[in-house]
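If you want the building blocks of each chain, they are given just below.
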Amino acid sequence: MVSTSNNEKARKPTSRRHRYERFLLRDDYRGRLPRWISRFTGYRQPGDEPPYDPLPFPPFNWLVKIPLRVEVWIFAWIGCFGGILLIEAIMCTNTAFRNVYSSPIIITSFGASAVLLFGAIESPLAQPRNFIGGHFVSALVGTAITRLWVLNPRYQDYLDNTGFHGNTFVNGGLCMATAALAMLISGMVHPPSGATALNAAVQTSVVSLSWRYLPVVLASALIMQGWALIINNLGRRRYPIYWWSPKQVFVRPEVLEHENDEETALRTLQEGPLRSAEDAGRTRETLLEARMQGEGAGGADFMQDPSGQNNIPMGAVESPEIGVPEPRLKPMTEGDRRRAEGFD
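The numbering scheme is per chain: residues are counted from 1 as the chain's sequence reads. The predicted origin of the model limits local features to residues at a pLDDT of at least 70 and limits the giving and counting of side-chain atom pairs to 80 or more, whereas totals for whole chains, interfaces and linings rest on all residues. Heavy atoms throughout the structure, all of them, feed into the side-chain values; hydrogens and water do not.

Draft legend 1. Main features of the nonpolar core. If you look at the biggest cluster of nonpolar residues, it comprises 35 residues, and the most contacted ones within it are I87, I107, F110, L117, F118, Y213 and M224. Examining the composition of this core, we find that 11 residues originate from one element, helix α11 (residues 213-231), more than from any other. Those residues within four positions of Y213 in sequence are excluded, and the remaining contacts are I107, A139, T143, T196, N199, A200 and V206. By convention a nonpolar core is built from buried Ala, Val, Leu, Ile, Met, Phe, Trp, Tyr and Cys residues, the set being connected through side-chain atoms within 4.5 Å. Each residue's exposure class comes from its accessible area (1.4 Å probe, protein chains only) as a fraction of the maximum for that residue type: buried when under 20%, exposed when over 50%, partly exposed otherwise. Core analysis: the second largest hydrophobic core is formed by 11 residues, V137, Y155, L159 and A201 among them. Note on conventions: DSSP H or I runs of at least 4 residues are helices, E runs of at least 2 residues are strands, and numbering of each starts at the N terminus. The contact criterion used is simple: two residues touch if any of their non-hydrogen atoms lie within 4.5 Å.

Pasting the structure below:
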């Protein structure tokens with residue numbers, strides 16, 4: 001009865017792991033896409049190391065003739081210029097952002113984000129989760145807090161006045177600090193997003209947007225993110241380094257096909273509630289070495305029944321399924337050990 005509970009306890013973590021892995025991808029789906037598509041998602045073939053090969057046609061294949069730092073300068077300038085220009089073009093032309101939302105030409109915090117997205121693309125602060133999530137969370141927090149202060153009908157007048165007003169003063173710090181806390185808790189820290197929350201509190205054109213500020217920020221982030229995926233993957237760099245986490249969160253981990261049965265059985269006995277007096281205080285490595293040498297078969301190598309009446313030998317634990325003693329594991333010989341370690 002006790003042996004059954006030990007086996008179930010040993011198998012429980014494995015079954016829980018398998019239930020979780022059912023919802024994971026078998027492999028990185030980007031590897032099955034054509035190279036000219038997967039490249040712009042930040043995917044590189046296994047074995048590729050930086051600096052990576054640029055696109056194999058002019059003028060990009062000429063980049064190998066210049067130092068990498070010069071390439072970084074060139075693409076950082078082009079990326080920042082193009083990213084800001086795209087956002088301004090969409091926000092100030094005949095679109096819903098101008099005609100319906102009356103949004104400003106650009107949210108100024110995206111100027112600081114452009115430096116990270118195009119100049120420091122390897123930084124964790126520049127990855128998509130931090131960039132998009134940080135801006136959206138900050139806009140949400142800043143707008144929600146500011147809507148409480150706007151219940152004061154004179155709040156808008158305070159913003160237009162050059163004098164000191166406590167409401168505006170407190171709200172700016174409160175929005176920015178709370179947004180920073182939200183980014184830290186959610187794991188989406190993006191420093192320029194602090195200005196996104198601050199704009200929601202102290203910038204008149206943004207305060208008048210109210211909740212319409214959220215789609216404006218989200219659209220601006222997606223526009224700049226799309227441009228970064230293109231411009232940062234044309235040359236010898238790679239972006240993004242990851243989408244959600246440095247670890248493969250959504251891909252099923254590799255599972256070893258063969259496990260060491262001797263070590264598994266020993267670990268089950270060692271971690272179970274019944275341990276022999278001889279094994280007490282000994283490390284797993286010591287026990288494994290002793291079993292390889294055939295030790296532990298003496299009279300002290302037994303488990304005591306919980307009732308205190310019977311002593312069950314370690315080499316013959318009663319099986320609850322068939323009611324007969326299970327045979328003791330065969331000791332590993334010196335030849336078996338050498339073959340397992342790859343010497344023979």
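Here the narrative resumes, following the displayed structure.
Draft legend 2. Inspection of the UniProt feature "transmembrane region" (unreviewed entry) in the protein chain at higher detail. UniProt positions are given in the numbering used here, feature names are shortened, and annotations may be inferred rather than shown by experiment. On the UniProt side, "transmembrane region" (unreviewed entry) is annotated at positions that read residues 72-93, 100-120, 132-150, 170-190 and 210-231 here. Taken end to end, residues 72-93 is 95% helix and 0% strand, and its first and last C-alpha atoms sit 31 Å apart. Regarding residues 132-150, the helix share stands at 95% and the strand share at 0%, and the terminal C-alpha atoms are separated by 27 Å.

Draft legend 3. How the structure looks around a nonpolar patch on the surface. A cluster of nonpolar side chains, namely L25, Y29, L33, W36, I37, W243, W244 and F250, defines an oily patch on the protein surface of about 850 Å² accessible area. Assignment of secondary structure puts W36 in helix α2 (residues 35-38). Patches here: salt-bridge-free residues with over 30% relative accessible area, like charges joined within 9 Å, nonpolar side chains (Val, Leu, Ile, Met, Phe, Trp, Tyr) joined within 5 Å. Accessible areas in this description were obtained via Shrake-Rupley with a 1.4 Å probe; residue shielding takes into account the shown protein chains only. Any carboxyl oxygen of Asp or Glu that lies within 4 Å of a side-chain nitrogen of Lys or Arg is treated as forming a salt bridge with it.

Draft legend 4. Layout of the pattern of salt bridges. Enumeration according to the criterion identifies one salt bridge in this entry. In this structure, E71 and R236 form a salt bridge, with 2.6 Å as the shortest nitrogen-oxygen distance. A residue pair is termed long-range when its members are at least 10 positions apart, and E71 in helix α3 (residues 68-92) and R236 in the loop between α11 and α12 (261-271) qualify at 165 residues. Here E71 matches R236 in class, with each residue buried.

Draft legend 5. Structural view of the packing of aromatic side chains. The rule is short: rings of Phe, Tyr and Trp, with Trp giving its six-membered ring, pair when the centres are within 6.5 Å, and they are stacked under 30 degrees, edge-to-face over 60, tilted in between. Evaluated as defined, the whole model comprises four aromatic pairs. Seen in terms of ring centroids, F97 and Y101 are 5.8 Å apart; in terms of plane orientation they differ by 70°. Their pairing is edge-to-face. The exposure class of F97 is buried, given its relative accessible area of 17%. Given the relative accessible area of 24%, Y101 is considered partly exposed. Centre to centre, the rings of F110 and F131 are 6.2 Å apart; their planes meet at 85°, and the pair counts as edge-to-face. Residue F110 is found in helix α5 (residues 109-119), and its partner F131 is found in helix α6 (residues 128-149); the two are separated by 21 residues along the sequence. Given a relative accessible area of 0%, F110 falls into the buried group.

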